[in-house]
Amino acid sequence: MAHEVCVKAFVDDPSILGDCPFSQRVLLTLEEKNVPYKTHLINVNDKPQWFLGVNPEGKVPVIKVDDEWVADSDVITSVLEEKYPSPSLVPPPDVSSVGSKIFSAFVTFLKSKDPSDGSEQALVDELKALDDHLKGHGPYINGENICSVDLALAPKLYHLQAALGHFKKWTVPESLSHVHNYMKLLFSRESFVKTKPAPEHVIAGWAPKVNA
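Just so we're clear, the structure is a prediction, and the values are computed from it rather than from any experiment.

Draft legend 1. The arrangement of the overall build of the protein in detail. In terms of regular secondary structure, the protein is built from 9 helices and 5 strands. Along the protein, from the amino end to the carboxyl end, the secondary structure elements read β-β-α-β-α-β-β-α-α-α-α-α-α-α. For 212 residues, the compact-globule formula gives about 17 Å, and the C-alpha radius of gyration of the protein, at 17 Å, lands near that figure. With the C-alpha coordinates aligned to their principal axes, the bounding extent of the protein is approximately 50 × 40 × 25 Å. By residue count, 47% of the 212 residues in the protein fall in the buried class. Looking at the protein alone, contacts between residues at least 24 apart form 72% of all its contacts between residues at least 6 apart. In the form shown here, the protein has an accessible surface area of approximately 10,700 Å², with 52% of it arising from carbon and sulfur atoms. The distance from the centre of the 21 positive side-chain charges to the centre of the 28 negative ones in the protein is 3 Å.

What follows is the structure in structure tokens.
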């Protein structure tokens, strides 16, 4: 039986998958584990009553597992790993935090109005650390096999590429060749192609935050 999963809809057209990287992380996990699912696209600006009834906090993503609704992408992916252990997406403890600071560094740089505040360099430093790791351990975070760390990073790197390219005319430095190869590898996976939002929807999602 297919799991019901609630994810963010595109704000301007609630019939289209939205731009939430945490929602995509859950969909990627389901796809990589070949678990059947049915999506409910939730308009976060006009949440349906049935959704608030099963999920009073109103946050996405949430998924129904064994007749219970589970929230938070960290918790959801852990529950899915336990219920569907094959193929395993569990990373070794020593790589579980690789790239964990990239998203916050990206958001800080994206919102920055001061070119001299160091936010660009802080992001480059985080990406350089990822590049160094991939150089020794790639092509994925844990070598040849994709793991949950990759599935958490992939949507965030996609947002980084789309939003910084549009708002800052910025791209990942060419010198970070392992990061470039990693992004191409992730973005070309069937699971990613099936679950990614359109780049213009990512840009539209970040616009209010950038222009605030």
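Still more to cover.
Draft legend 2. A look at the packing of helix α4 (residues 102-111) against helix α9 (residues 199-210). The interhelical angle for the contact between α4 and α9, taken along N-to-C directions, is 60°, at an axis separation of 10 Å. Between α4 and α9, the interaxial angle falls into the category oblique. The crossing of α4 and α9 is right-handed. When α4 is examined against α9, the residues F103, F106, V107, L110 and K111 are found in contact with a partner set consisting of W206, K209 and V210. Residue composition of the contact of α4 with α9, by class: 6 nonpolar, no polar and 2 charged.

Draft legend 3. Examining the side chain of T29 more closely. Mapped onto the secondary structure, T29 falls in helix α1 (residues 21-32). Judged by its relative accessible area of 5%, T29 is buried. Each residue touching T29, except ones within four places of it in the same chain, is listed here: T77, L80, L89 and L151.

Draft legend 4. Structural detail: the pattern of salt bridges. Evaluation of the coordinates by the stated rule reveals 9 salt bridges. A salt bridge links E31 to K194, with the shortest nitrogen-to-oxygen separation between them at 3.2 Å. Within this pair, whereas E31 is found in helix α1, its partner K194 is found in helix α8 (residues 190-195), the two being separated by 163 residues in sequence. For E31, a relative accessible area of 15% corresponds to the buried category. Here R189 ties to E32 by a salt bridge, and the two come within 2.8 Å at their closest N and O atoms. Of this pair, R189 sits in the loop between α7 (177-188) and α8 while E32 sits in helix α1, and the two are 157 residues apart along the sequence. When its relative accessible area of 24% is taken as the criterion, R189 is described as partly exposed.

Draft legend 5. Summary view of the environment of Y37. Within the secondary structure, Y37 sits in strand β3 (residues 37-42). Sequence separation of Y37 and A2 is 35 residues, and the distance between their C-alpha atoms is 4.3 Å. Setting aside anything within four residues of it in sequence, one finds Y37 in contact with A2, H3, V5, L27, L30, E31 and T195. In this structure the side chain of Y37 is engaged in a polar contact, spanning 2.6 Å, whose partner is the side chain of E31.

Draft legend 6. Highlighting α1. Between the first and last C-alpha of α1 there are 16 Å, a value that for 12 residues agrees with the 16 Å anticipated at 1.5 Å per step. Counting buried positions along α1 yields 11 of 12 residues, so the element is predominantly enclosed. Turning to α1, its buried residues number three or more, namely P21, S23, Q24, R25, V26, L27, L28, T29, L30, E31 and E32. Backbone geometry just downstream of α1 places N34 in the positive-phi region, at approximately 55°.

Draft legend 7. Examining the packing of aromatic side chains more closely. Tallied over the full model, the rule gives 10 aromatic pairs. Residues F22 and F103 carry aromatic rings whose centres are separated by 6.1 Å and whose planes lie at 85° to one another, so their mutual orientation is edge-to-face. One end of the pair, F22, is in helix α1; the other, F103, is in helix α4, and 81 residues separate them in sequence. Given a relative accessible area of 16%, F103 falls into the buried group. In this structure, K209 is placed above the aromatic ring of W206, and the distance from its NZ or CZ to the ring centre is 5.3 Å.

Calculation rules
Residues numbered from 1 in each chain as written. Predicted model: local features only at pLDDT ≥ 70, side-chain atom pairs only at ≥ 80, totals over all residues. Heavy atoms only, no water. Helix = DSSP H or I, 4+ residues; strand = E, 2+ residues; numbered from the N terminus. Rg over C-alpha atoms; globule rule 2.2 N^0.38 Å. Buried < 20%, exposed > 50% of the residue type's maximum accessible area, 1.4 Å probe, protein only. Contact = heavy atoms within 4.5 Å. Areas by Shrake-Rupley, 256 points an atom, 1.4 Å probe, with all protein chains shown as cover. Lys, Arg positive; Asp, Glu negative; His and termini not counted. Charge placed at Lys NZ, Arg CZ, Asp CG, Glu CD. Axes fitted to C-alpha atoms, helices over the stretch in contact; angles between N-to-C directions. Parallel < 35°, antiparallel > 145°, perpendicular 65-115°, else oblique. Left-handed = near helix turned anticlockwise from the far one by under 90°. Nonpolar A, V, L, I, M, F, W, Y, C, P; charged D, E, K, R; others polar. Salt bridge = Lys/Arg side-chain N within 4 Å of Asp/Glu carboxyl O. Polar contact = N/O pair within 3.5 Å; in protein donor to acceptor, adjacent residues only side chain to side chain. Expected span 1.5 Å × (residues − 1). Phe/Tyr/Trp six-rings, centres within 6.5 Å; stacked < 30°, edge-to-face > 60°. Lys NZ or Arg CZ within 6 Å of the ring centre and 35° of its normal.

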